[in-house]
Amino acid sequence: MNPTSYFSEIAPVTFKGPDTTDELAYRFYDKDRVVMGKRMEDYLRFAVCFWHSFCWNGFDVFGAGTFNRPWHAGANDADAARFKRAVAFDFFNKLDLPFYAFHDVDVMAATETVGEYQHHFAEAVDDLERLQGETGRKLLWGTANLFSHPRYAAGGATNPNPEVVAFGALQVRSALEATHRLGGSNYVLWGGREGYETLLNTDIGRELDQLGRFLSLVVEHKHKIGFKGTILIEPKPHEPTKHQYDFDTATVFGFLKRYGLENEVKVNIEANHATLARHTFEHEIATARALGIFGSIDANRGDNQNGWDTDQFPNSVEEMTLAMLEVIRAGGFTDGGFNFDAKVRRQSSDPVDMVHGHVGAVDVIARALLAAAAIVEDGRIDQVRADRYAGWDGEFGKAVSAENSSLASIADLAVAKEIRPAHKSGRQERLENLVNRFVGDAR
Ligand code: XUL
Ligand code: CO
């Protein structure tokens, strides 16, 4: 089979406006439309991921693959990997999205030894470079998979066996150098199996030190090879391990501070990981902004009825608008973007299902950008927020926050002024109504 025939039934996806009846056209993602001072394509920086769309064959813990993709028919050898890469780039072209993302093992033949790994990965990277040149598609980020192979069952950088850590170093060095060569904007480290199942066999302090050292070495190597992109950690609280060290944004920040890396590393925030940590997606973005480590986003959603990383495509404009408001408040992306770390359901087995998934998600995010931009331009919501803190701009607030104030001086001031603080409404319902109004009107 010719790789380009896999999606041959599908016409290139283009913008046709909100009123189109074409289900495989963009209704809101108009890549050249300028929003918040940038073309939509440049603001949103969409990426398609290799792993969910081209590597997963639909298997789950109870059953075998359902997708019957032709490149999964035999062994995952060099021919199958080449086929998969060609199909993937054809898909990126059909969707006309600017970026993609991959793990080393996503794009190469399956290997066991260090020699095979080096040989097959080098071949894959040469081919990716050629495909990028031919299509103009770019790399949002690269990463190394230190969680699927059985050698990583007890972790990558935190593994009790130094030989496993060294194999991980080989993969991360290779993937980081490949990302640099392919002009990638970021390099991601998701903790994978960096965590534990039971404390009975785990030395937390030692494992955190191993992780801190490993990350320091990654940062050192980035500078050594002259990679100018951003190094990102992707927080996740659990799954696959019971407890993962990169639990959430705040935990990652504490970890970075401890190892002196807070100015070197930012976070890649995934919507479904935020909800697994019992935070909202927008909470994680707002926290990253407040701590100065907002980097990029893995766009997806979970399911309210269960606690799994279901990685569904985002489909609520309202939820995405709340997240987008925080992205705008963070000043938008520099190196980051919206990577679709999302997969179609196991029963959605046709090529067209992959297109429905991406087209819908692109439009949800594009429409959320329009809604959030309208909210910011309208200014009422930000005004309510600013008014809540207005007291700090007055004489009393300045005295309380003055650098030379102390607990005692503030207490004395309260007594001297005979203050009687009164509660003021937080206006939550009005704010929520305003959001809905802008969500409904966005087009
Ligand atoms: C796993 C996950 C990964 C990372 C990259 O939950 O999100 O796909 O994004 O390793
Ligand atoms: Co992710």
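Residues numbered from 1 in each chain as written. Chains lettered and ligands numbered in written order. Predicted model: local features only at pLDDT ≥ 70, side-chain atom pairs only at ≥ 80, totals over all residues. Heavy atoms only, no water.

Engineer: Hey, could you run me through the overall build of the chain in this one?
Structural biologist: Counting its regular elements, the chain contains 15 helices and 12 strands. Relative to the globule expectation of 22 Å for 443 residues, the C-alpha radius of gyration of the chain, 24 Å, shows essentially globular dimensions. If you line up the chain on its principal axes, its C-alpha atoms span 80 × 60 × 45 Å. Here the chain holds 443 residues, and the buried ones make up 50% of them. Intrachain contacts of the chain at a sequence separation of at least 6 include 77% that bridge at least 24 residues. (Helix = DSSP H or I, 4+ residues; strand = E, 2+ residues; numbered from the N terminus. Rg over C-alpha atoms; globule rule 2.2 N^0.38 Å. Buried < 20%, exposed > 50% of the residue type's maximum accessible area, 1.4 Å probe, protein only. Contact = heavy atoms within 4.5 Å.)

Engineer: I tried to follow the coordination of the cobalt ion (ligand 2) on my own but got confused; where do I start?
Structural biologist: Each pair of donors in an ideal four-coordinate tetrahedral metal site encloses 109.5 degrees, whereas pairs in an ideal six-coordinate octahedral site enclose 90 or 180 degrees. The protein atoms that coordinate the cobalt ion (ligand 2) are Glu234 (OE), Glu270 (OE), Asp298 (OD) and Asp341 (OD), at distances of 1.9 to 2.1 Å. For the cobalt ion (ligand 2), the six donor atoms in the first shell make angles of 79 to 169° at the metal, so the coordination geometry reads as octahedral. Counting along the primary sequence, the residues that act as donors to the cobalt ion (ligand 2) give the motif E-x35-E-x27-D-x42-D. Linking Glu270 in strand S10 (residues 265–270) with Asp298 in strand S11 (residues 294–299), this pair joins segments that are 28 residues apart in sequence. A residue is classified by how much of its surface remains accessible, and Glu270, at 2% relative accessible area, is buried. Its relative accessible area of 0% is what places Asp298 among the buried residues. (Donors = N, O, S within 2.8 Å, 3.2 Å for Na, K, Ca; no water. Tetrahedral: all angles 85-135°; square planar, octahedral: opposite > 155°, others 65-115°.)

Engineer: Would you take a moment to explain the site of ligand 1 for this structure?
Structural biologist: Lining the immediate environment of ligand 1, one finds Trp51, His103, Trp141, Trp190, Glu234, Lys236, Glu270, His273, Asp298, Asp309 and Asp341. Side-chain polar atom of Trp51 to an oxygen atom of ligand 1: 3.0 Å apart, as the coordinates give it. Here an oxygen atom of ligand 1 and a side-chain polar atom of Asp298 are 2.9 Å apart. Here the residues of the shell around ligand 1 are counted per class, giving three nonpolar, two polar and six charged. (Near = heavy atom within 4 Å. Polar contact = N/O pair within 3.5 Å; in protein donor to acceptor, adjacent residues only side chain to side chain. Nonpolar A, V, L, I, M, F, W, Y, C, P; charged D, E, K, R; others polar.)

Engineer: What exactly am I supposed to notice about the pattern of salt bridges here?
Structural biologist: Oppositely charged side chains may form a pair once their charged atoms are brought near each other. All told, the structure shown has 20 salt bridges when counted by the stated rule. Within this structure, Asp32, Arg39, Glu41 and Asp42 form a network of salt bridges that share partners. (Salt bridge = Lys/Arg side-chain N within 4 Å of Asp/Glu carboxyl O.)

Engineer: Explain the domain arrangement of the chain here, please?
Structural biologist: Assigned domains of the chain: these are domain 1 (3–378) and domain 2 (381–441). Summarising the inter-unit geometry, the C-alpha centres of domain 1 and domain 2 are found 39 Å apart. With 12 residues of domain 1 at the interface, the matching set in domain 2 holds eight residues. Carbon and sulfur atoms make up 59% of the surface buried where domain 1 meets domain 2, a total of about 920 Å² over both sides. It is Glu318, Arg329 and Ile375 in domain 1 that bury the most area against domain 2; as a group they hold 47% of the surface buried on that side. Scanning the region where domain 1 abuts domain 2 turns up one salt bridge. The partner of Asp382 in a salt bridge is Arg329, with the nearest N and O atoms 2.8 Å apart. Counting only elements with at least two residues in the side of domain 1 that touches domain 2, the list comes to helix H10 (317–329) and helix H11 (351–378). Looking at which element gives the most residues to the side of domain 1 that touches domain 2, the answer is H11, with six residues. (Domains from an automatic or database assignment. Buried area = accessible area lost by both parts, 1.4 Å probe.)

Engineer: Honestly, the environment of Gly357 in this entry has me stumped. Any pointers?
Structural biologist: Looking at the secondary structure, you find Gly357 in helix H11. By relative accessible area, which is 14% here, Gly357 ends up buried. Each C-alpha atom of the pair Gly357 and Val317 lies 15 Å from the other, and the pair is 40 residues apart in sequence.

Engineer: Before we go on, may I ask you to explain the environment of Gly142 in this structure?
Structural biologist: With respect to the element layout, Gly142 can be found in strand S5 (residues 138–143). Remark: the alpha-carbon pair of Gly142 and Phe102, spanning 40 residues in sequence, is separated by 5.2 Å.

Engineer: Can you walk me through empty space enclosed by the protein in this structure?
Structural biologist: Using a probe with the size of a water molecule, rolled over the atoms, empty space left in the structure can be pinpointed. In the structure shown here, the tally under the stated rule is three cavities of 30 Å³ or more. If you add up the space inside the largest cavity, you get close to 220 Å³. Around the largest cavity sit 20 residues that line it, and Leu189, Trp190, Gly191, Glu194 and Leu211 are the ones nearest its centre. Here the lining of the largest cavity gets four residues from one element, more than from any other, and that element is strand S6 (residues 186–190). The class makeup of the residues in the lining of the largest cavity is 14 nonpolar, three polar and three charged. (1 Å grid on protein atoms, 1.4 Å probe; cavity = no way out; pocket = protein on both sides within 12 Å on 5 of 7 lines; lining within 4 Å. Points joined across faces, edges and corners; volume = space filled by probe spheres on them.)

Engineer: Quick question: what am I supposed to make of the sheet that holds strand S3 (residues 46–49) here?
Structural biologist: Backbone hydrogen bonds are what pair the strands of a sheet, in a parallel or an antiparallel way. With parallel pairing, the eight strands of this closed barrel are ordered in space as S3-S4-S5-S6-S8-S10-S11-S12. Pairwise comparison of adjacent strand axes, ignoring direction, gives a mean angle of 30° for this sheet. Helix H6 (residues 204–225) rests against S6, strand S8 (230–234) and S10 of the sheet, and its axis sits at about 155° to S8. Packing against the sheet, helix H7 (residues 249–258) makes contact with S8 and S10, and its axis sits at approximately 165° to S10. (Pairing = 2+ DSSP bridges. Axes fitted to C-alpha atoms, helices over the stretch in contact; angles between N-to-C directions.)

Engineer: Before we go on, may I ask you to explain the nonpolar core in this structure?
Structural biologist: Grouped burial of nonpolar side chains is what soluble globular proteins tend to show. Formed by 122 residues in total, the largest nonpolar core has its most connected members in Leu44, Phe50, Phe54, Met324 and Phe338. It is H11 that contributes the most residues to this core, 15 residues altogether. Structurally, this core is a two-domain feature, drawing no fewer than three residues from each of domain 1 (3–378) and domain 2 (381–441). Discounting residues that sit within four places of it in the chain, Met324 has contacts with Leu44, Phe338, Ile365, Ala368, Leu369 and Ala372. (Core = buried A, V, L, I, M, F, W, Y, C linked by side-chain atoms within 4.5 Å.)

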